[in-house]
Each structure stands twice: as structure tokens, then as C-alpha cells.
Amino acid sequence: MNKAFVREQESTAEFCPRCGTKGEVVSGETIRHHLPPERPLGLAEPASFCPSPGCAVVYFDGLERTITVEELKAPVYPKDPEAPICACFGLTRDDIEQDIEEGVTTRVKAILEKARTAEAHCAQAAVNGRSCVPYVQKYYMQCLQARKRS
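Residues numbered from 1 in each chain as written. Predicted model: local features only at pLDDT ≥ 70, side-chain atom pairs only at ≥ 80, totals over all residues. Heavy atoms only, no water.

Asker: Break down the side chain of lysine 79 for me, with residues and values.
Answerer: Within the secondary structure, lysine 79 sits in the loop between strand E4 (66–68) and helix H2 (93–102). For the buried lysine 79, which has no salt bridge, the nearest side chain bearing the opposite charge is glutamate 24, at an N-O separation of 9.8 Å. One polar contact links the side chain of lysine 79 to the main-chain carbonyl oxygen of cysteine 55, over a distance of 3.0 Å. In this structure the side chain of lysine 79 is engaged in a polar contact, spanning 2.7 Å, whose partner is the backbone oxygen of valine 57. When residues no more than four places from it in sequence are discounted, the contact partners of lysine 79 are Phe49, Cys50, Ser52, Pro53, Cys55, Val57, Val58 and Val69. (Helix = DSSP H or I, 4+ residues; strand = E, 2+ residues; numbered from the N terminus. Buried < 20%, exposed > 50% of the residue type's maximum accessible area, 1.4 Å probe, protein only. Lys, Arg positive; Asp, Glu negative; His and termini not counted. Salt bridge = Lys/Arg side-chain N within 4 Å of Asp/Glu carboxyl O. Polar contact = N/O pair within 3.5 Å; in protein donor to acceptor, adjacent residues only side chain to side chain. Contact = heavy atoms within 4.5 Å.)

Asker: Let's hear about helix H3 (residues 106–114): which residues, and what values?
Answerer: Three or more residues of H3 are buried, namely Val108, Ile111 and Leu112. In a view along the axis of H3, the buried residues occupy a sector of 100°, so they form one face of it. Among the exposed residues of H3, those oriented more than 90 degrees off its buried face are Thr106, Lys109 and Glu113. Summarising the contacts, the buried residues of H3 are in contact with H2 and helix H5 (133–149). (Arc of directions from axis to C-beta.)

Asker: Give a detailed account of a negative patch on the surface, specifying residues and quantitative values.
Answerer: On the surface, Glu82, Asp94, Glu97 and Glu101 cluster together into a patch of negative charge. Locating glutamate 82 in the fold gives a position in the loop between E4 and H2. (Patch = residues over 30% accessible without salt bridge, like charges linked within 9 Å, V, L, I, M, F, W, Y side chains within 5 Å. Areas by Shrake-Rupley, 256 points an atom, 1.4 Å probe, with all protein chains shown as cover. Charge placed at Lys NZ, Arg CZ, Asp CG, Glu CD.)

Asker: Lay out the pairing of strand E3 (residues 57–60) in plain terms, naming residues and giving numbers.
Answerer: Bridge analysis of strand E2 (residues 47–49) against E3 gives two bridges, and the strand direction is antiparallel. Directly across from phenylalanine 49, in E3, lies its bridge partner tyrosine 59. The pairing of E3 with E4 spans three bridges and is classified as antiparallel. Bridge pairing in E4 places phenylalanine 60 opposite threonine 66. In this structure, the hairpin formed by E3 and E4 is closed by a connection of five residues, where glutamate 64 is found at a positive phi of approximately 65°. (Pairing = 2+ DSSP bridges.)

Asker: If you had to explain unusual backbone geometry to someone new, which residues and values would you point to?
Answerer: Peptide bonds are trans in most cases, and residues, glycine excluded, mostly fall at negative phi. Proline 46 follows glutamate 45 through a cis peptide bond whose omega is 5°. With omega at 15°, the peptide bond leading from tyrosine 77 into proline 78 counts as cis. With respect to the element layout, proline 78 can be found in the loop between E4 and H2. In this structure, glutamate 64 takes a positive phi of about 65° despite not being glycine. Within the element layout of this structure, glutamate 64 appears in the loop between E3 and E4.

What follows is the structure, given as C-alpha cells:
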């Protein structure tokens, strides 16, 4: 049979071996930043981040080796909702909720501005190696919608 008509099997390397969520490629630098110094990386590159808040797997590779939340040196968002959403500057869900309650965007705007500066070190500090801006915006909108419904 001609290979043009045969569907290639999808790689499972990009899906979390525990929950099946599509992973986000992450660098070894990011992973090492979140592990205690004595913990070897133990993952092949490319490694992925599992963005599912309810899954205990944080990082995984194509061989289904994993690093779980218990192995990290500190809690991280979105795995722990009490951890700062912004790992660089410490913005929390409480800060966003306070902005909504006060009817201002002071804290949220400050983080969005800081995220564009050289001070932001998302590639290391953020658990997924990316800017927190999408998480901040998503949580802000969720809170805003919840307030409008009540």
C-alpha cells in the first residue's frame, strides 16, 4: 500500500502518560530550576509540561518518565492554586480577586507591564517556561464573570 494513504500513528510522546493531556514542550533549564539540586533531571529531551491542574505529573518525556509535584522544590501554579500565578513577581489569585473586589486593575496591569520587561525570567521561573500573562488574563476574566453573575 502506498504510504501516502496510510495514516501514521500519532506520537504519544507529547501526551501526559498519566492523564492524557497534550503537553507543552519545556526546556531542561526550566525543569532544573524547579527541582532540588540533588535531584537529577532524568528526562530525555524534548520534555513536556502537563498543564492539567488536577494531574500530579508536572514534566514527562517520550519514554513516559515523569517528574511529579511532590518532587519539585516549591509549589507551582496551576498544579497548586495557592502558588503564585506569576512566578517572577509573585502575583497570586488573591491579588487578582482583590483587584476585582476593589473594581480596579492595579495589580493585574502592573504584572502585565512587568512581564514585558527584562526583569521577567519566565523561561526559568514559570513552570511551563512561558509568560504568566495568559494565566493571569484567564483567571481575571473568570473572576470578573463570576462577579457579574452574583
